[in-house]
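Take a look at the letters that make up each chain.
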2 protein chains.
Amino acid sequence: MPEHTRKHTVAVVGSGNWGSTISKIVAENTKEHPELFESKVRMWVFEEEIEVPESSRHHKRLGGQKRKLTEVINEVHENVKYLPDIALPDNVVADPDLKSAVKNATLLIFNLPHQFIGKTLDGVVGYHLPYARGISCIKGVDVSDGTVTLHSELIMERLGIYCGALSGANIAPEVAAEKFCETTIGYDTPPMDADERNGSPKDNLIKIDEQRQHKTKPTHVKLHPVPKDLPAVDAELWETLFARPYFHVNHVRDVAGVALGGALKNIVALASGFVAGKGWGENAKAAIMRVGILEMIKFGRTWFPKSVDERTFTEESAGLADVISSCSGGRNFRSACHAVEQGVSVNEIEQKELNGQKLQGTSTAYAVHDFLSKHDQLQEFPLFVAVHDILEGKSTVDDLPTLLDGKKKKKRRAPEGA
Amino acid sequence: MPEHTRKHTVAVVGSGNWGSTISKIVAENTKEHPELFESKVRMWVFEEEIEVPESSRHHKRLGGQKRKLTEVINEVHENVKYLPDIALPDNVVADPDLKSAVKNATLLIFNLPHQFIGKTLDGVVGYHLPYARGISCIKGVDVSDGTVTLHSELIMERLGIYCGALSGANIAPEVAAEKFCETTIGYDTPPMDADERNGSPKDNLIKIDEQRQHKTKPTHVKLHPVPKDLPAVDAELWETLFARPYFHVNHVRDVAGVALGGALKNIVALASGFVAGKGWGENAKAAIMRVGILEMIKFGRTWFPKSVDERTFTEESAGLADVISSCSGGRNFRSACHAVEQGVSVNEIEQKELNGQKLQGTSTAYAVHDFLSKHDQLQEFPLFVAVHDILEGKSTVDDLPTLLDGKKKKKRRAPEGA
């Protein structure tokens, strides 16, 4: 039996619709498991002045006033701006001060738009517990200069703490409304934290380069073990913190696969939107998803051969399920579909319908194309390349069937033994 | 180089919307490959008297008359009853006489509703070439008395010819309209037909029991080799016969997986319809598909351990892509969705909207439940069982999240080496 005398303290860094939804979930669970967790969950909120909108159920009481978002959240237990009409448990405490939000947290959950992660980590460094453990719910990967960096890796390097990832077919408003879904947690418990907790000083180096074979300079992160007076931090603990009757959790050790799935699926969603815009029907969309998953597998196998488990893409919510839901709805799918229907470029749709904001699919498609080009691997990823070329106006959607026809190339599957 | 002096002759047994579509495809290819195939494709049509409907583009010429369906097809090159408005190549010849349709065929394609297969094979036996080779496009499997029989196996046993399977995300009207899609051919070339065609008399027995481990009585089928004056019948030949620019073909050796995929996906489609009817959104549908594919894998692994390749379910059109398209549309999905929306049973929908016709999903769900029950494996397939129990009124759709929560059971995935 565990011999801990302290409990874990949870902080959520980020409070958009997905950050607020995750705060709701974990706060429900810290209340239900007082033997493991302190009830109070601090949610860091980027402070802003808001006016409670007329459509809000709190408008009568709070309408017409300029108020701070954190004050409103703590007063009415609702993020009226980013997750309206969803009651947050009263043990979620909005905190505008990043340092105070993270300082006592033994479990850190990162859940904010990827463009803010670098700056936010600057504000955390030095104020967090050195033995904290993290989970990144941030979608996307950082691709630059021929290198793919996962956000969990970035967090490990910057904060010196071990960090996993959570991703899945999790459209936030549906999860917030407690409609049934699943998610995947990727967490590969560091040796020193493992079951018997018999970590020796030799075990406390994590080699991040093992997850980035293409990177020439290896990065080592020195970890501090989780103190023995705290409950062990392993897959079971994270499942207890995240699983709800409406939010099923599956655990895998493959952090890279979980993170890659959440990034690459956005390229596939654009392709699905293209064929939907053409009116090619369900067969064509299903074909795009199938080919997309195979290219995700190949991407993982090529650049993360030691860490990626192909089954993350074919069997987990962070893989095929997230591809399916993103290829049936969501902004990337819809924008690509509208572009084809209206005979304009996706860029024009971004200008017209998204106020110039770039879709995650388009920026990922460009970054991945650049990366593949640097590694001379364009010919191995015909769907990813086709999406880029259609965005660029170099190919048309009508070219897709020909671009995907791999029959002239070598067979994908090696012959089996007779 | 091949030394054949004869060409293959193709017959299609069946002429519904999918049979007519497949006839169109193969006739396009026999014309394009005169070095391998006789151009003419005989399509066996169950003869009926029809009146060309007013909506037909041939009504002006043929309306008002009672005509034989085969005569109309051969006159206007269109199956006006089952695949209206789609031009068939003029080398498709409708034949009302089953014996004459099959008698010269070296390649037999079976494409008819599964309830007619037994009787139809009665009419073929003794009139077909003993060295013919077959492909079954028939969806479904035969489950009875604790045994699963594939239609390809039934054809092998009854006709004494080797038979593979074709299945995929292939909603017939979309394929007929030449909208892009993919399919999977399962064909495990018998040793005597293999590349070097050096078959010895010892090689001409196919053990069907290898694909049915649960069957106690093994069945051996004695095959006649394909004569050497004909082009070799292997995966490449079938791909040449079926692949079109709009119809991409992938080949696997796993016939059982291809056939099982086309059958079991209908149970999953009902479950997807149930959660769609509840308005649970895309996350929930994606979760159902994911769990469904995992149960399909487990079904194949349990009862076809030597023949099924799990990747057929996770990577092929006959697996995940067919699940996706069936869970987004199609009769099973829609009927289950309507039932939940209207608060009635699926059976009532079958009575009301389908004139009492049973859905393939409901009959498969009952047959599989009966099969699992006989083998005491109900607890291993919570989704398949839940669909049966919801059809039976023993469970409700609201129970689904709980029924699928496997956390109390052993982990699915064995821990990986550290």
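The name recorded for chain A in an unreviewed UniProt entry is Glycerol-3-phosphate dehydrogenase [NAD(+)], from Aspergillus piperis CBS 112811. Its UniProt record, at the heading Catalytic activity (unreviewed entry), says of chain A: "sn-glycerol 3-phosphate + NAD(+) = dihydroxyacetone phosphate + NADH + H(+)". Checking UniProt for chain A, the heading Sequence similarities (unreviewed entry) contains the comment "Belongs to the NAD-dependent glycerol-3-phosphate dehydrogenase family."

Q: I'd love a proper account of empty space enclosed by the protein, names of residues and values included.
A: Take a probe with the size of a water molecule and roll it over the atoms, and the empty space left behind shows itself. Per the stated rule, a full pass over the model turns up three cavities of 30 Å³ or more. As for the largest cavity, its lining consists of 14 residues, of which A:Ser136, A:Ile138, A:Gly140, A:Ala165 and A:Ala259 are closest to the centre. Mapped by element, the contributors of at least two residues to the lining of the largest cavity are α6 (151-159), β10 (163-167) and α9 (255-277) of chain A. Of the residues that constitute the lining of the largest cavity, the class distribution is seven nonpolar, six polar and one charged. Of the volumes computed, that of the second largest cavity is approximately 70 Å³. Around the second largest cavity sit B:Ser136, B:Cys137, B:Ile138, B:Lys139, B:Gly140, B:Ala165, B:Leu166, B:Ser167, B:Val258, B:Ala259 and B:Gly262, which together line it. Of all the secondary-structure elements, those providing two or more residues to the lining of the second largest cavity are β10 (163-167) and α9 (255-277) of chain B. Class assignment for the residues of the lining of the second largest cavity results in six nonpolar, four polar and one charged.

Q: I'd like a description of the interface of chain B and chain A, backed by residues and values.
A: On the side of chain A, 53 residues touch chain B, which itself brings 53 residues to the contact. Together chain B and chain A conceal approximately 4700 Å² of surface at their shared face, both sides included; 51% is due to carbon and sulfur atoms. Our count for the chain B to chain A interface comes out at two salt bridges. A salt bridge links B:Glu182 to A:Arg290, with the nearest nitrogen and oxygen atoms 2.6 Å apart. Remark: the boundary between chain B and chain A carries 14 residue pairs in polar contact (both at pLDDT 80 or more). The dominant element in the side of chain B that touches chain A, judged by the number of residues it contributes, is helix α10 (residues 281-303) of chain B, at twelve residues. Taken together, the residues of the side of chain B that touches chain A break down into 23 nonpolar, twelve polar and 18 charged.

Q: Got a sec to walk through the UniProt feature "domain: Glycerol-3-phosphate dehydrogenase NAD-dependent N-terminal" (unreviewed entry) in chain A? Specific residues and values, please.
A: Within this numbering scheme, the UniProt entry marks residues 10-188 of chain A as carrying the feature "domain: Glycerol-3-phosphate dehydrogenase NAD-dependent N-terminal" (unreviewed entry). Along residues 10-188 of chain A one finds 31% helix and 26% strand; the C-alpha atoms at either end are 19 Å apart.

Q: Describe the sheet that holds strand β7 (residues 133-136) of chain B, naming the residues involved and giving the relevant values.
A: Residues and elements named next belong to chain B. The mixed open sheet is built from eight strands, whose spatial order is β5-β2-β1-β6-β7-β10-β11-β14. Each of the sheet's edge strands pairs with one partner strand only, and the pair in question is β5 (92-95) and β14 (247-252). Each strand of the sheet is rotated relative to its neighbour by a mean of 25 degrees, with strand direction disregarded. Two strands pair when backbone bridges link them, and strand β6 (residues 107-110) and β7 are joined in this way by four bridges, in the parallel orientation. Counterpart to Phe-110 in the pairing with β7 is Ser-136. Docked against the sheet, helix α3 (residues 69-76) engages β2 (37-44) and β5, running at close to 165 degrees with respect to β5. Contacts from helix α6 (residues 151-159) reach β6, β7 and β10 within the one sheet, and its direction differs from that of β10 by about 155 degrees.

Q: Kindly report on the pattern of salt bridges, identifying the contributing residues and their values.
A: Across all of its chains, the model carries 48 salt bridges over all chains by this definition. The salt bridge involving A:Glu71 is made with A:Arg67; its shortest N-O contact spans 3.4 Å. Of the charged contacts, one joins B:Glu32 and B:Arg244 as a salt bridge, the two residues approaching to 3.2 Å between their closest N and O atoms. Taken together, the residues span a long stretch of sequence, with B:Glu32 in helix α1 (residues 17-32) and B:Arg244 in the loop between α8 (235-242) and β14 at a distance of 212 residues. Residue B:Arg244 is classed as buried on the basis of its relative accessible area of 13%.

Q: Account for the relation of the copies chain B and chain A, naming residues and giving values.
A: Placing chain B over chain A gives an RMSD of 0.0 Å and needs a rotation angle of 180 degrees, together with 0.0 Å of translation along the axis. Here the copies are linked by what is in effect a two-fold axis. No C-alpha of chain B approaches the rotation axis more nearly than that of B:Thr314, which lies at 2.8 Å. In this assembly, 100% of the residues forming the interface of chain B have copies in chain A that are likewise at the interface, indicating an isologous arrangement.

Q: Can you lay out the sheet that holds strand β14 (residues 247-252) of chain A for me, pointing to particular residues and giving the numbers?
A: Paired through their backbone hydrogen bonds, the strands of a sheet run either parallel or antiparallel. All names here are of chain A. Read from one edge of the open sheet, eight strands run β5-β2-β1-β6-β7-β10-β11-β14, paired in mixed fashion. Each having just a single partner strand, β5 (92-95) and β14 make up the two edges of the open sheet. Pairwise comparison of adjacent strand axes, ignoring direction, gives a mean angle of 25 degrees for this sheet. Two strands pair when backbone bridges link them, and strand β1 (residues 8-13) and strand β2 (residues 37-44) are joined in this way by five bridges, in the parallel orientation. If you follow Val-10 over to β2, its bridge partner there is Val-41. Here helix α3 (residues 69-76) sits on the sheet and contacts β2 and β5; the angle it forms with β5, its principal contact strand, is near 165 degrees. Sheet strands in contact with α9 are β10, β11 (181-186) and β14, and its direction is about 40 degrees off that of β10.

Q: Give me the lowdown on the packing of helix α10 (residues 281-303) of chain A against helix α12 (residues 317-326) of chain B, citing residues and values where you can.
A: The geometry of α10(A) relative to α12(B) is characterised by a closest axis approach of 8 Å and an angle of 130 degrees between their N-to-C directions. Judged by the angle between their axes, α10(A) and α12(B) are oblique. Taken as a pair, α10(A) and α12(B) cross one another with a handedness that is right-handed. In this structure, α10(A) uses A:Glu282, A:Asn283, A:Ala286, A:Met289, A:Arg290 and A:Ile293 to contact α12(B), whose residues at the interface are B:Ser317, B:Leu320, B:Ala321, B:Ile324 and B:Ser325. Classifying every residue of the contact of α10(A) with α12(B) by side-chain character gives six nonpolar, three polar and two charged.

Q: Go over the side chain of B:His248 with me, naming the residues and quoting the values.
A: The residue B:His248 is located in strand β14 in this model. When neighbours within four sequence positions are excluded, B:His248 is seen to be in contact with A:Pro401, A:Leu404, A:Asp405, B:Phe180, B:Cys181, B:Glu182 and B:Thr183.

Q: Lay out the UniProt feature "domain: Glycerol-3-phosphate dehydrogenase NAD-dependent C-terminal" (unreviewed entry) in chain A with the relevant residues and their values.
A: With numbering matched to this structure, UniProt assigns "domain: Glycerol-3-phosphate dehydrogenase NAD-dependent C-terminal" (unreviewed entry) to residues 254-400 of chain A. Summarising residues 254-400 of chain A: 73% helix, 0% strand, and an end-to-end C-alpha distance of 32 Å.

Q: Outline the environment of A:Glu157, listing residues and values.
A: By the secondary structure assignment, A:Glu157 is in helix α6. Overall, the relative accessible area of 34% leaves A:Glu157 in the partly exposed class.

Q: Describe helix α16 (residues 382-392) of chain A, with residues and values.
A: Residue and element names in this part refer to chain A. Burial runs high along α16: nine of the eleven residues are buried. Within α16, burial applies to Leu-383, Phe-384, Val-385, Ala-386, Val-387, His-388, Asp-389, Ile-390 and Leu-391. Phi turns positive one or two residues past the end of α16, at Gly-393, with a value near 80 degrees.

Q: Go over the nonpolar core, please, and point to the residues and values.
A: One finds A:Phe299, A:Phe384, B:Phe299 and B:Phe384 to be the most contacted residues of the largest nonpolar core, which totals 121 residues. Not counting residues within four places of it along the chain, the set of residues in contact with A:Phe384 comprises A:Leu264, A:Ile267, A:Val268, A:Gly292, A:Glu295, A:Met296, A:Phe299, A:Val368 and A:Leu372.

Cut-offs applied
- Residues numbered from 1 in each chain as written.
- Chains lettered and ligands numbered in written order.
- Predicted model: local features only at pLDDT ≥ 70, side-chain atom pairs only at ≥ 80, totals over all residues.
- Heavy atoms only, no water.
- UniProt positions renumbered as here; feature names shortened; annotations may be inferred.
- 1 Å grid on protein atoms, 1.4 Å probe; cavity = no way out; pocket = protein on both sides within 12 Å on 5 of 7 lines; lining within 4 Å.
- Points joined across faces, edges and corners; volume = space filled by probe spheres on them.
- Helix = DSSP H or I, 4+ residues; strand = E, 2+ residues; numbered from the N terminus.
- Nonpolar A, V, L, I, M, F, W, Y, C, P; charged D, E, K, R; others polar.
- Contact = heavy atoms within 4.5 Å.
- Buried area = accessible area lost by both parts, 1.4 Å probe.
- Salt bridge = Lys/Arg side-chain N within 4 Å of Asp/Glu carboxyl O.
- Polar contact = N/O pair within 3.5 Å; in protein donor to acceptor, adjacent residues only side chain to side chain.
- Pairing = 2+ DSSP bridges.
- Axes fitted to C-alpha atoms, helices over the stretch in contact; angles between N-to-C directions.
- Buried < 20%, exposed > 50% of the residue type's maximum accessible area, 1.4 Å probe, protein only.
- Least-squares fit on C-alpha atoms with pLDDT ≥ 70 in both.
- Parallel < 35°, antiparallel > 145°, perpendicular 65-115°, else oblique.
- Left-handed = near helix turned anticlockwise from the far one by under 90°.
- Core = buried A, V, L, I, M, F, W, Y, C linked by side-chain atoms within 4.5 Å.

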